[in-house]
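Topology and contacts: notes
The chain contents come next:
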Amino acid sequence: MDNRLATLLTRGESLTRAEYRVLAHLTEHPLLVGNITVRELAQATFVSTATIMRLCRKLGFSGFSEFTWHCKQLLSDTPHIAAEASPSAELPALFNQFIANYQQTLQWATAEKRRRFADLLREKEHFFLYGAGFSYLFAEYLTKKLQVLGKTAFISGPGDSRNIFLSNASRYQVFIAVSRSGETEQVLDKARIAKNVGMTVVAFTRASANTLAGMADLHFALYDEAVHFAAEAAGVTSFESNLVLLMDLLLLEATG
């Protein structure tokens, strides 16, 4: 996010979810300001041009041109790029290893898989996400991202009654499960139900063979240095950071 445009977000209390998404899109992609038409912006954020015009008026501008001019003025003010690090600064020894692990993960996230995820995001509106333990945090992260995009996204975990999922499953089109091991029984239980009611099952797991991966219609495998999934709770690896990077890449490709 460009912090020079961040002040616009403080006016967002009265905005609808769709209007806020337009504003968030510009703060995350400041180079678009002045280089994108109102129609192109509407297409990129899955809203109508009328929504953008209402946004401009709510922010106190007469129209899109005045809004764009104001954004340009904000961007011309204080620089937001921090000074470059000293050439003598050394990166942690494990940094390159983390990067290598992410590159390996991206080799498994093929262009075809990424395209299928993008198609789901464009064609479907109702998403049910599930995660247990640490995985719940990342399922929640993806849920919030989907909500910002205007999707109906619901997050659940082991702490919720099984009946919550049973009573709501038919309302959703896509089931997204996050499970490092791919063997957590609560996750597998929900994935089976999801498949039985016709939902598309998307799974994020470690790359080693696991039950959830075999059940999924679309599986994203992540490199994991841990020798055995039982060590996942205590071990610190690149798995979680790679997971967030992969999720953001998928969302960016689908909405860019």
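Note that this is a predicted model, so its numbers are computed, not measured. (Residues numbered from 1 in each chain as written. Predicted model: local features only at pLDDT ≥ 70, side-chain atom pairs only at ≥ 80, totals over all residues. Heavy atoms only, no water.)

Within the protein chain, the secondary structure is distributed over 12 helices and 5 strands. Within the protein chain, counting contacts between residues at least 6 apart in sequence, those at least 24 apart form 69% of the total. Carbon and sulfur atoms provide 56% of the accessible area of the protein chain, an area that totals close to 13300 Å². (Helix = DSSP H or I, 4+ residues; strand = E, 2+ residues; numbered from the N terminus. Contact = heavy atoms within 4.5 Å. Areas by Shrake-Rupley, 256 points an atom, 1.4 Å probe, with all protein chains shown as cover.)

Take the state of the cysteines next. In this structure the tally under the stated criterion is 0 disulfides. Lacking any disulfide linkage, Cys 56 is separated from the closest cysteine sulfur, that of Cys 71, by 8.4 Å. (Disulfide = S-S within 2.5 Å.)

What follows concerns the pattern of salt bridges. The tally for this structure, following the rule as stated, stands at 15 salt bridges. Salt-bridge contacts for Asp 119 lead to Arg 122; the nearest nitrogen and oxygen are separated by 3.9 Å. Note that Asp 119 and Arg 122 are positioned in helix H7 (residues 111-123) at a spacing of 3 residues, about one turn of the helix. Close ionic contact of Arg 192 with Glu 185 constitutes a salt bridge, the shortest N to O distance being 3.1 Å. One network of salt bridges, with partners in common, ties together Glu 112, Arg 115, Asp 119 and Arg 122. (Salt bridge = Lys/Arg side-chain N within 4 Å of Asp/Glu carboxyl O.)

The subject of this paragraph is unusual backbone geometry. One non-glycine residue with positive phi stands out, namely Phe 46, at about 60°. With respect to the secondary-structure elements, Phe 46 resides in the loop between helix H3 (38-44) and helix H4 (49-58).

Contact geometry for helix H8 (residues 134-148) and helix H12 (residues 239-255): axes closest at 11 Å, N-to-C directions at 20°. Between H8 and H12, the crossing angle belongs to the class labelled roughly parallel. When you trace H8 past H12, the crossing you get is right-handed. On the side of H8, the interface is formed by Phe 138, Tyr 141, Leu 142, Lys 145 and Leu 146, while H12 contributes Glu 240, Leu 243, Val 244, Met 247, Asp 248 and Leu 251. Grouping the constituent residues of the contact of H8 with H12 by class yields 8 nonpolar, no polar and 3 charged. (Axes fitted to C-alpha atoms, helices over the stretch in contact; angles between N-to-C directions. Parallel < 35°, antiparallel > 145°, perpendicular 65-115°, else oblique. Left-handed = near helix turned anticlockwise from the far one by under 90°. Nonpolar A, V, L, I, M, F, W, Y, C, P; charged D, E, K, R; others polar.)

Residue position: Arg 206 is located in strand E4 (residues 200-206). With a relative accessible area of 6%, Arg 206 lands in the buried category. Separated by 3.2 Å, the side chains of Arg 206 and Ser 208 make a polar contact. (Buried < 20%, exposed > 50% of the residue type's maximum accessible area, 1.4 Å probe, protein only. Polar contact = N/O pair within 3.5 Å; in protein donor to acceptor, adjacent residues only side chain to side chain.)

On to the confidence of the model for the protein chain, then. Any region with low pLDDT has predicted coordinates that should not be read closely. For the protein chain, per-residue confidence averages 86 on the pLDDT scale, and residues scoring 70 or more make up 88% of the total. Per-element mean pLDDT across the protein chain ranges from 71 in helix H1 (residues 6-9) up to 97 in strand E3 (residues 174-178). (pLDDT = per-residue confidence, 0-100.)

Core analysis: the biggest nonpolar cluster contains 29 residues, and Leu 146, Ile 176, Val 202, Phe 204 and Phe 220 have the highest contact counts within it. When contributions to this core are tallied by element, the ones reaching two or more residues are H7, strand E1 (126-131), H8, strand E2 (152-156), E3, E4, strand E5 (218-222) and H12. With 7 residues, H12 is the largest single contributor of residues to this core. Once you skip the residues sitting within four places of it in the chain, Leu 146 turns out to touch Leu 121, Phe 127, Leu 129, Lys 151, Ala 153, Ile 176 and Leu 251. Of all hydrophobic cores here, the second largest spans 21 residues; its members include Leu 23, Val 33, Phe 61 and Phe 64. (Core = buried A, V, L, I, M, F, W, Y, C linked by side-chain atoms within 4.5 Å.)

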